[in-house]
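Residues per chain are reported as follows:
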Amino acid sequence: MQIAADYHLHTHHSGDSKAPMEDMIKQGVLRGLKEMCFTEHMDLDYPECHDLPKDPFTLDIRSYREELMKYKELFEGRIEIKFGIEIGMQPSCLEENKKIVRENDFDFVIASIHLVDGADPYYESFWTGGSIEDRYRRYFDATLENIRLFDDFDVLGHLDYMSRYVFPKNDTTYSYERFRDRIDEILKYLADNGKGLDINSKVLASDSDGIPNPCPEVIRRFKELGGRIITFGSDAHAPTGIAAGFERLRDIALSCGFTEYYTFEKRSPVPHEL
Ligand SMILES: [Zn+2]
Ligand SMILES: [Zn+2]
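The structure reproduced in this document is the subject of the present report.

1. Details of the pairing of strand E6 (residues 196-200)
Now for step 1: Of all five residues that make up E6, five are buried, and the element is covered over most of its length.
Now for step 2: Of the pairings in the sheet, the one linking E6 to strand E7 (residues 230-233) comprises four bridges and is parallel in character. Bridge pairing in E7 places Asp198 opposite Thr231.

In structure tokens, the structure reads:
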């Protein structure tokens, strides 16, 4: 079966995308998707960056929801549109993040770590604050700390996200094996608490042989540790990336022992055969 649901998508409501929602949905229909879940960024306390406006990821939920509901109705019968969010976890915004989830009727919540001690691995400056191995350790430690504090999510976003942006680029420090003590703790916590993993194909949009986030070894380990819920997301910020590499993601998930993937309806998981 084809993976028919893309569960990690951004539009102009996110500070790092200019994509009109309608263009994204039309492309999803062309790609044969049955369902798309928009998961706009909400990263409170994001530091000032030279290439972004101030507070780039403070989402205007009301206008986002309004536009989404309009298209949900317009495209009814052709494609199912879901109301999601990608929340950036930081201990400093814990209460605000909880309130955001509590006060909105999201179908689906991704929790992600984009900032470690206030710095984003996307930028080179993150990598110069210690050895590369230490930086990875700190990232995984921060992930575990945050998911233990913030319970109000459905899947953990792109678990080894920082490996996308490692500096220098050809560095090979990262592998599941090297950080298995920390990664296993994260996976076990997720599995034991009924949380899922976002299997994220953003890298595959520009490199079809690239490694998704998390890498296949981590996906396999999640299954071994009792993990049940996986969602597939392209993390597309423009129409071209929608459902990128989903055939490969499906093969990887099957080879890791998964037979189902999930969509969500008002925060309840719905299984689909892979
Ligand atoms: Zn993200
Ligand atoms: Zn994202």
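That was the structure; now back to the text.
2. Structural notes on the sheet that holds strand E2 (residues 35-42)
Now for step 1: The parallel open sheet is built from seven strands, whose spatial order is E1-E2-E3-E4-E5-E6-E7. Every interior strand has two partners, whereas the edge strands, strand E1 (5-9) and E7, have only one.
Now for step 2: Bridge count for strand E5 (residues 155-156) against E6 is two bridges, and the pairing is parallel. Within the sheet, the bridge partner assigned to Leu156 lies in E6 and is Leu197.

3. Topic: the environment of Leu249
Now for step 1: Assignment of secondary structure puts Leu249 in helix H9 (residues 246-255).
Now for step 2: On the basis of neighbour count, Leu249 is assigned to the buried category, with 25 C-beta atoms found within 10 Å.
Now for step 3: C-alpha separation for the pair Leu249 and Pro216, spaced 33 residues apart in sequence, amounts to 9.2 Å.
Now for step 4: Filtering out sequence-adjacent residues up to four positions away, Leu249 remains in contact with Ile3, Ile199, Ser201, Pro212 and Phe232.

4. Section: the pairing of strand E8 (residues 260-265)
Now for step 1: The pairing of E8 with strand E9 (residues 268-273) spans six bridges and is antiparallel. Bridge assignment links Glu260 to a residue of E9, and that residue is Glu273.
Now for step 2: In textbook terms, the turn of a hairpin is the stretch between consecutive antiparallel strands, and for E8 and E9 this stretch comprises two residues, one of which, Lys266, has a positive phi near 50 degrees.

5. As for the environment of Arg65
Now for step 1: Residue position: Arg65 is located in helix H2 (residues 61-74).
Now for step 2: With 20 C-beta atoms packed within 10 Å, Arg65 lands in the buried category.
Now for step 3: For the pair formed by Arg65 and Asp105, sequence separation is 40 residues and the distance between their alpha carbons is 9.6 Å.

6. Description of unusual backbone geometry
Now for step 1: The residue after Phe167, namely Pro168, is reached through a cis peptide bond having omega -5 degrees.
Now for step 2: Here Pro168 is to be found in the loop between E5 and helix H6 (180-192).
Now for step 3: In this chain, Asn213 is followed by Pro214 through a cis amide linkage whose omega measures -5 degrees.
Now for step 4: Structurally, Pro214 is set in the loop between helix H7 (202-206) and helix H8 (216-224).
Now for step 5: Of note, the phi angle at Asp45 is positive, near 55 degrees, even though the residue is not glycine.
Now for step 6: Take Asp45: it is sitting in the loop between E2 and H2.

What counts as what
For every chain, the first residue of its written sequence is number 1, and the numbers climb from 1 along that sequence. By the order in which they are written, chains take letters starting at A while ligands take numbers starting at 1. Only residues with pLDDT of at least 70 are given local features in this predicted model, and only at 80 or more are side-chain atom pairs given and counted; all residues enter the totals for whole chains, interfaces and linings. With C-beta atoms placed from the backbone, a residue counts as buried when 20 or more other C-beta atoms lie within 10 Å of its own, as exposed when 12 or fewer do, and as partly exposed for counts between those limits. Only runs of H or I of at least four residues qualify as helices and only runs of E of at least two qualify as strands under DSSP, and these elements are numbered from the N terminus. Two strands qualify as a pair provided DSSP detects at least 2 bridges between them. Here the contact rule is simple: place C-beta atoms from the backbone, and any two residues whose C-beta atoms are within 7 Å are in contact.

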